[in-house]
Each structure stands twice: as C-alpha cells, then as structure tokens.
Amino acid sequence: MASTRGKAGAIEAGDDKGLNGYDKDTIRDLYRTMLLIRRFEERAGQMYGMGLIGGFCHLYIGQEAVVTGLQAAALPSDTVVTTYRDHGHMLATGMDPKGVLAELTGRAGGYSKGKGGSMHMFSREKNFFGGHGIVGASVPIGAGIAFAHKYLKEEACCLTYFGEGALNQGQVYETFNMAALWNLPAIFVIENNRYGMGTSVERAAAHAQELYHRGQAYGIPGQQVDGMDVIAVYEAGKEVIAKVKRGEGPHIMEMQTYRYRGHSMSDPAKYRSREEVEKYRSERDPIENLKGRILKVGTMSEEDLRAIDREIKDIVADAADFATTSPEPDPTELWTEVLVATA
Amino acid sequence: MPIEILMPALSPTMTEGNLARWVKQVGDSVAAGDVICEIETDKATMEVEAVDEGTLAKILVEEGAEAVVVNTPIALMAVEGENLEEAAQGASSAPPVAAPAPASLSPSAPPPAVTVHEPAAAKPAAEPEWSGETETRTVREALRDAMAEEMRSDSKVFLMGEEVAQYQGAYKVSQGLLDEFGDKRIIDTPITEQGFTGLGVGAAMYGLKPIVEFMTFNFAMQAIDQIVNSAAKTHYMSGGQIASPIVFRGPNGAAARVAAQHSQCYASWYAHCPGLIVAAPYSAADAKGLLKSAIRNPNPVVFLENEILYGHSFEVPKDGDWTIPLGKAKVLRQGKDVTITAFSIMVGKALEAAEALVAEGIEAEVIDLRTLRPLDTETLVASVMKTNRLVSCEEGWSFAGIGSELAAIVMEQAWDWLDAPVKRIHGADVPMPYAANLEHLALPQPVTIVAAAKEVCYR
Ligand SMILES: Cc1ncc(C[n+]2csc(CCOP(=O)(O)OP(=O)(O)O)c2C)c(N)n1
Ligand SMILES: [Mg+2]
C-alpha cells in the first residue's frame, strides 16, 4: 500500500487551477470560514493582551485552510477530535463564535460554562469531541470514536487532528496499529506546522520530510497535502473521506502548514527567523491565496469579498461583546458536573 | 471615533513591557491582521497585530519606551471616513471590547465574598438484605456473570483487553463470553495499554459502554493518563456535555510471589481523583452486584479486583437484576469495642482477626468499604462513634494511603468520640520482595490486625 505525495505544488497567484469546477457558494463558504477563523483569532489575541483571557491560548492563524478545507469535505454526522489548538476546529464545525470566545474569557456563556477554557471545549450537537491538552492523547480517543461509528454501523468517520510534534508519541503508533487491525473509519490529520513549541520538525522527527509515511508499517496509506491551499485540502479531503467511508480503513493526511503566531501567547520566537514567518505570510497565506484566485477567475467581485469582511467583522464584534458581558460562572458551578448525576 | 490601541499583555502575569518598535507610522493605513508594533519583556517579544482597520492617526508611546503599563493607550487609529487630525485629538469612547476584566481575573483581587462549600452528595440507599435463593459462585464466575448479564441487556456494552476473547481471559474471568457474544463485542487487543484505554475512552465519549480489562492494574500505569486526564476530567471540562461511561477492571494488589512490578495496590492512586468512581469488592456477591452497577453507571469506574480472590467461593443471590449500590460500605460483623475497616482481600484477613479477637474478649466491628470513591463516610463515622476506635487495613503503602484518609475523616468528624489514635495497617514501605518469607513479612497479616486492635483497646 504505497503512500502518495499529493499534488501539493504551490499555486501561482492568480492561477485559476481548481477553482473553475466549483460553484460560488462552495468557494464563498471556504473563504468565509477561513476569514472567520482569522478574525476570531486576532480578536482573541487582542483580548488576551487586555487581560480578558488567561492561561494558555494557542492561536490557529496561518493554519486556517487545513480545518476549513477538511470540514467542508466532511458531513455534520462525521466527528472531530483535536488538541488544545482548537478554536479554528470549533468554528469550522459550526460552533457559535460567541460560545467559543466566552469560554476563552471564562464566562458562564462559554461552551463549557467557563470550566474548560481555550483548550477544552466540546459540542455534542456539532459532533466536536474536544479540545484535549495532553499531546498525543487525543489520537486514541479519535480512533475510539471511529470504533464507535463502526460498532454502531454508522456511515461516518472520525477526523482526528494533531500536530507533527504529537506524531512522535508512542500512543499514536499503538493507535495506528489498532485502527489498521480493526479497519476503523479514522482519518489522522497531521497538522505539520513545522514546530512543536520551539522545536522544529527537523529536530524532533526522523525523516521529517515525509511524515505521511509513518503509517506504512501498519499498511495505512498516507499523503502530503499543501495545507496552505484550501482547495487542495478540500479536494484531498473529499477523496479520503469517501474512501474511508467505503470501508477501506484508516488514512493519514499530512497537512503542510505554518503557524504565524507564537506557540501560545508568551513565546520568545527565538527558534525561527522573522524572514521565515514573513515569507509564509506574504507568499503562502491561505486567505490571500484564495482571494487572489477568486478575483482572477471572477467567482466573486471585490465588493462581494468586502461584504463578507463586513459580515465577519460584525460576527466577531458580537462574539467579543458577548464574551465580555456574559457573567462569570456562578460559584456553585465549582461543584457541578464532576460526575454525571445518577438517580 | 478613533480607536485606542492598548498596550497588550503577553501573559496573565505581565504588568508592563517595552515598546520595541513601531512597524506602522502615522498616516499608514492598517488592515486587520497587520503588524503595528513590537513589544517585548524580559522573556519574549511579540508582534502586535491590528484587529480593526483604519489609519494610524497618532502614536502615544514612542518606540524604545520602557516599562509601559499594560492597557495603557499606545496609539490612536482613525476609522474609515474619519479625519486624521480630528482622530489624533483623542478617542471619544472606548473600543467595544475594552470592557474591564472581571475582578476575579486580577491577581490582586480580594477573594470572592461568597464562599461556597462542597454540597453534600446524595447518599445511595443500601441494598436490601437478600432473603431469596442463592447459588455458590467463585468471584471469577460472579464477575463473568455480571458482564454477561449486562451485555445481554445492553448492546452498547462490550469487553476489550489483552487475551479476553480467544484465551478466555488471562485469569479466565471472561470464560465463555466470546462464544456467546462474538468477536465484535469481546475484543482481544494488542499489548498497548495506553492506546486501547484511550480508544475505549473515545468510544465511551461517543456513547458506547466499554469494559476495559487490564491484565493487572500494574500495567494500567501506562494508561493512567487516559484514565485520569481523559476519562475522569472530560465531563467537568465540557460543562457536562461529554460523559465517559466506561469500566476499567482487572486484578489489583499483591498476587503471590510475582515480585515488585506485579504486586501493588493502586486504590489510593485512583481514589484520589475526582471524576472517578473506585470500587474494590471482596465477596462474589459484592463483585457481581458492584460490577453490574459499575457497567450501568454513566461515569468512569475503576474496578479493582484481586487475583487471589478469584477462586474463592461465596453465596450469590440468584437474580439477574440484583445489584449493589456504588458508594455503600457494608458492616460484615457487629461489635462494640473497635472498628476494623478493610477492602478487597484484606476483608478476609480482618474477619479472621475479628474471630481471633473474641478470645481476647474484644468485639470488633468489621466494615467492608467496598467503594473507595465516593467513600461511605456515614457508615464509617457512625461505627467509630460507637466503638471509639479505628483500625484501617490495606495492602498498599501507608503514605497518603486509604488509611491516612480514614484517619483524617474520623479526626474531622468524630474527634470527640475517639478514645485512641487511629491505627493504620498497611503493606511494608518497600517494593514487594520475591522471597516467600519476605513477601509474607511485607503484607499485613491477621496477627498484625489483632495486635493493632489490642493496642487501640489498650490491652
Ligand atoms: C504529554 C505532553 N507533553 C508536553 C506537553 C506540553 N506541550 C504542549 S503543546 C507542545 C508542542 C506540541 O507540538 P505539535 O504537536 O507540533 O502541535 P502544535 O502546538 O504545533 O499545534 C508541548 C510540548 C503536553 N501538553 N503534553
Ligand atoms: Mg506543530
């Protein structure tokens, strides 16, 4: 079972490759979701700076195309698990920005009523299963949800997102083994943003240039995808999701992406050069990339895009308003939900 | 109305920082996401990105400025349609998100005026005294029967673990289950505790009811992160949205002559953790009734069995729907002179000791704790108020052990009733030795309990 390198080639600015085949709504939604994540994260960063958000706050800026493209390819009945870098995943699964931002501010209106924070949110309704803080631990959990899909004979798959740093954890390989052994409908999405905190992928992972090979010993096919190109992600996602749902077993997707901001908020950023960050921002930005192609092809006009900008701006402003006015959780909440109450 | 740009904090503890560099200058147009300036502390440098768009109208804090207090306005930005000079005159209103952080976020905030106490948990009712028919069962059979009965009535229940299916269980607890339920529900796993435990937790989060068997709890140390961080904490962290109805079961404590890595009691490790329920039965009837309750319970339950007890026989009620409530201890023997508590295999030793104490004229009350979290403090405290003395027994180490917890509880809740210091009986504070004589010395024996009971009775 050979691993394949996806058609990851960088897309020239203005290139219309891939865009023509899609209707306006699909392209519009992809653009809109990425922009929502970007603006949401910028606002979260700002509110953190104002002391409204505490603790860790891992922003997704730069990586938007990964979750946006894949979740656009998935169905609402498919499930999602991720790590602490989870705000984008929640927005892409359709969770309410208000509830997400209010969780970041630790308020009663947050998805976890303020008891989870930035790293721990869930939505049973949107099939979003967290938000996990222990590097690597979410991978077997994702396979467990895939196991449940299969056990219940559902036509669904579980998308498990994790970093390239997490990929070195032992439990990931325990999971690959079981997922392949039991032919689970599991998609393992490696978000290779090139760094695990301050350690570059080359310093942490053997044979870092082909992480999608890591399932080969278990016969799990993998592919590399340009995670800065939302259309490439979407197309690869469609294919892989269909394949996994046909019962062909687990699949690994290595998304080559980049995080613009620090690991969390307080990051000395001494481990990479300013030029490197600038290069990704100016040449590979997923939002600018799509925007350029939209205008070139004429899928939407400048005015159409400005209207989306305005809409997103309002959504984020409303979320910020909600997140700062929602009350802190009632003190009695300290003691609730430790256990599920039994009669 | 121009927008005030405020000095941001890099971390919750940062109070001031330096303005290293202005990237944008007065008159520059700024789009959301553009870097406007760089700030630094002794620990880190951060680029400050614009959240709103507009034109930089005035710089209020020049670059190079040191010790700029967090939330100080550092620049003014004119929004679309605004005149630069007018904007530079000042912000007429605060930007929409400039609401102050709630008082409790400030490190210097006084403690909240209301102190909230832990609410008293609802107490489960004890199981009714069984007067119906019984059958003789080993603990091993009782555990198997419990699983089989629950699997018959709930298709979401399944068993996974090493050697549970074809081999019929490393200790033969799952004997016959593969035949009855098939390999979709009785699942042999690879020897990967962390992985299959995490997988079980994921399946539970989606609504299945896994029973995860550990060949012994010694190996669950590889999986304790998934048990504590994933299974126990997620319901709370999700604001009550995601439950983990899962049972982790297998033999715990000392077996016989298997040395240090295979002989350890984990009771106090798991009992320490909120979000878990921890049971450790002694008799076959309790093993069956408690395991059925554990499988039905919507929470993660750590179910500590004992290898040596697997072959012991007891009378078990003949009724597929009979269960034992989690959280209820059982007084196995009434007595007025001293309370002896135990769980799992130590219950047998405590009963033996109580028998021996009769000859000494001491009437011991023996309590089988059965569940360690939530602990039945009511039964414990009521008994100590009657006997005024407590001897606690466990195989595990004493430091921060179950006995230490019981001692604290009776000190807090029955201080005035205590006529002697609490005595803790426990395993020797060493890794379990292999040699037969040393192993015997390392484990608490009935004579140790007898001596302790006499000591607290001042005999
Ligand atoms: C088991 C464990 N070890 C260490 C940490 C601390 N930690 C949090 S994130 C992180 C880096 C992870 O990098 P990667 O998997 O690449 O994800 P990214 O942050 O880049 O999204 C580390 C070491 C942790 N949370 N869990
Ligand atoms: Mg990374």
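Computed from a predicted structure; not experimentally measured. (Residues numbered from 1 in each chain as written. Chains lettered and ligands numbered in written order. Predicted model: local features only at pLDDT ≥ 70, side-chain atom pairs only at ≥ 80, totals over all residues. Heavy atoms only, no water.)

### Focus on the interface of chain A and chain B
Part 1: Contact residues are listed per partner, giving 69 residues for chain A and 81 residues for chain B.
Part 2: Taking both sides of the interface into account, the surface hidden between chain A and chain B amounts to around 6300 Å²; carbon and sulfur atoms contribute 62%.
Part 3: When the buried area of chain A at its contact with chain B is split by residue, A:Met50, A:Tyr151 and A:Trp335 rank highest and sum to 12% of it.
Part 4: Between chain A and chain B we count 4 salt bridges in total.
Part 5: One salt bridge connects A:Arg274 with B:Glu38, and the closest N-O pair in it is separated by 2.5 Å.
Part 6: Our count for the contact surface shared by chain A and chain B stands at 23 residue pairs in polar contact (both at pLDDT 80 or more).
Part 7: Of all the elements in the fold, those that place two or more residues in the side of chain A that touches chain B are helix H1 (24-49), strand S3 (128-132), helix H5 (138-151), helix H6 (170-181), helix H9 (274-284) and helix H11 (302-325) of chain A.
Part 8: Ranked by the residues each element gives to the side of chain A that touches chain B, the list is headed by H5(A), at 9 residues.
Part 9: Looking at the side of chain A that touches chain B, its residues break down into 30 nonpolar, 21 polar and 18 charged. (Contact = heavy atoms within 4.5 Å. Buried area = accessible area lost by both parts, 1.4 Å probe. Salt bridge = Lys/Arg side-chain N within 4 Å of Asp/Glu carboxyl O. Polar contact = N/O pair within 3.5 Å; in protein donor to acceptor, adjacent residues only side chain to side chain. Helix = DSSP H or I, 4+ residues; strand = E, 2+ residues; numbered from the N terminus. Nonpolar A, V, L, I, M, F, W, Y, C, P; charged D, E, K, R; others polar.)

### Points about the packing of helix H2 (residues 139-153) of chain B against helix H8 (residues 284-296) of chain B
All names here are of chain B.
Part 1: Put simply, H2 and H8 touch, their axes get as near as 8 Å, and they point 30° apart. Classified by the angle between their axes, H2 and H8 sit roughly parallel to one another. For the crossing formed where H2 meets H8, the hand is right-handed. Facing H2, whose interface residues are Val139, Ala142, Leu143, Asp145, Ala146, Met147, Glu149 and Glu150, H8 presents Ala284, Ala287, Lys288, Leu291, Lys292, Ile295 and Arg296.
Part 2: The residue makeup of the contact of H2 with H8, split by class, is 9 nonpolar, no polar and 6 charged. (Axes fitted to C-alpha atoms, helices over the stretch in contact; angles between N-to-C directions. Parallel < 35°, antiparallel > 145°, perpendicular 65-115°, else oblique. Left-handed = near helix turned anticlockwise from the far one by under 90°.)

### Regarding unusual backbone geometry
Part 1: Put simply, A:Gly130 and A:Gly131 share a cis peptide bond, and its omega is 25°.
Part 2: Structurally, A:Gly131 is set in strand S3.
Part 3: Of note, the bond from B:Arg373 into B:Pro374 is cis; its omega dihedral lies within 30 degrees of zero at -5°.
Part 4: Positive phi values are uncommon outside glycine, yet A:Met197 reaches one of about 50°.
Part 5: Structurally, the position occupied by A:Met197 is in the loop between strand S6 (195-196) and strand S7 (199-200).
Part 6: Residue class for A:Met197 comes out exposed when judged on its relative accessible area of 53%.
Part 7: For B:Arg370, which is not a glycine, the phi torsion comes out positive at approximately 60°.
Part 8: Relative to the elements of secondary structure, B:Arg370 occurs in the loop between strand S19 (364-368) and strand S20 (371-373).
Part 9: By relative accessible area, which is 1% here, B:Arg370 ends up buried. (Buried < 20%, exposed > 50% of the residue type's maximum accessible area, 1.4 Å probe, protein only.)

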